[in-house]
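Breakdown of the fold
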Amino acid sequence: MKKFVCQICKRKYEAQYRPIHRTCGALECLEKKAMKEVEKQRKKEASKKRKEKQRFKEQDRSFWKKKAIAAFNAYIRERDKYLPCISCGVTYGQFHAGHYRPAGRNEGLRFNTYNVNKQCAQCNNVKSGNLTEYRIGLIKKYGLEKVEELEANNEIVKFDIDYYKRIAQIFKRKTEITRGFK
Ligand SMILES: [Zn+2]
Ligand SMILES: [Zn+2]
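None of these values were measured; they are calculated from a predicted model.

1. What to know about the coordination of the zinc ion (ligand 2)
Around the zinc ion (ligand 2), the protein contributes the donor atoms Cys-85 (SG), Cys-88 (SG), Cys-120 (SG) and Cys-123 (SG), which lie 2.3 to 2.4 Å from the metal centre. Viewed at the metal, the 4 donor atoms of the zinc ion (ligand 2) are separated by angles of 102 to 115°, and the geometry they form is tetrahedral. Each donor residue of the zinc ion (ligand 2) lies on the same chain, and together they follow the pattern C-x2-C-x31-C-x2-C.

Here it is, written out as structure tokens:
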């Protein structure tokens, strides 16, 4: 006879071989062990499903596009942290990363750091970008030449997953550097 420790009640018991259920054999311990096994299996399956879902997501272009946009916008917010709204100059309230030329119609300018600046929610949403004032603010910030360059840029692009991944990486890093991390 050998000595074993019950996995459930932790009492020592003797047996010839280690039982498959790894318990002392008391009904209560057997039941608890069975419940544990069921729960373990359930968790395993849930985790497998989660991982599959994640893998599927990562093959999806729109998933990485969202990641890239989030990283880019976070960088703009960090870069312009101490600046007022590019259009109206307010310094308080809710702020967005506002596009001068809308990204939907100028995909090539979506991740252009001159084209996107801190803008108050009022100008960004309610005043549809407040573009006349935005232009004045842009010229003050970057100079007329840069603004005209932006206005002449009609590059047609189609980004792929790798590009979005790279954008997400680059701007995550730029945000860290701007924030002062190494
Ligand atoms: Zn037991
Ligand atoms: Zn504003």
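2. Regarding the layout of surface pockets
Counted as a void, the largest pocket has a volume near 180 Å³. Along its surface, the largest pocket is lined by 13 residues, and Pro-84, Cys-85, Ile-86, Ser-87 and Gly-137 are the ones closest to its centre. Those elements giving two or more residues to the lining of the largest pocket turn out to be strand S4 (116–120) and helix H4 (131–142). Ranked by residues supplied to the lining of the largest pocket, first place goes to H4 with 5 residues. Class assignment of the residues belonging to the lining of the largest pocket gives a composition of 5 nonpolar, 3 polar and 5 charged.

3. Quick look at the domain arrangement of the protein chain
You can read the domains of the protein chain as domain 1 (2–58) and domain 2 (72–156). Centre-to-centre, using C-alpha coordinates, domain 1 lies 57 Å away from domain 2.

4. Description of the coordination of the zinc ion (ligand 1)
All of the protein donors around the zinc ion (ligand 1) are Cys-6 (SG), Cys-9 (SG), Cys-24 (SG) and Cys-29 (SG); their distances to the metal are 2.3 Å. Of note, the donors binding the zinc ion (ligand 1) are all from one chain and are spaced C-x2-C-x14-C-x4-C. Within this pair, whereas Cys-9 is found in the loop between strand S1 (2–5) and strand S2 (12–15), its partner Cys-29 is found in helix H1 (residues 27–58), the two being separated by 20 residues in sequence. Using a relative accessible area of 27% as the deciding quantity, one classes Cys-9 as partly exposed.

5. Things to note about H1
For H1, built from 32 residues, the straight-helix expectation of 46 Å at 1.5 Å per residue is met to within 8% by its first-to-last C-alpha distance of 47 Å. Counting buried positions over the 32 residues of H1 gives 2, only a small fraction of the element.

6. Notes on the side chain of Asn-106
Secondary-structure assignment places Asn-106 in the loop between strand S3 (95–99) and S4. Here Asn-106 falls in the buried class, since its relative accessible area comes to 11%. Excluding its chain neighbours within four sequence positions, the residues that come into contact with Asn-106 are Arg-101 and Asn-154.

Analysis parameters
- Residues numbered from 1 in each chain as written.
- Chains lettered and ligands numbered in written order.
- Predicted model: local features only at pLDDT ≥ 70, side-chain atom pairs only at ≥ 80, totals over all residues.
- Heavy atoms only, no water.
- Donors = N, O, S within 2.8 Å, 3.2 Å for Na, K, Ca; no water.
- Tetrahedral: all angles 85-135°; square planar, octahedral: opposite > 155°, others 65-115°.
- 1 Å grid on protein atoms, 1.4 Å probe; cavity = no way out; pocket = protein on both sides within 12 Å on 5 of 7 lines; lining within 4 Å.
- Points joined across faces, edges and corners; volume = space filled by probe spheres on them.
- Helix = DSSP H or I, 4+ residues; strand = E, 2+ residues; numbered from the N terminus.
- Nonpolar A, V, L, I, M, F, W, Y, C, P; charged D, E, K, R; others polar.
- Domains from an automatic or database assignment.
- Buried < 20%, exposed > 50% of the residue type's maximum accessible area, 1.4 Å probe, protein only.
- Expected span 1.5 Å × (residues − 1).
- Contact = heavy atoms within 4.5 Å.

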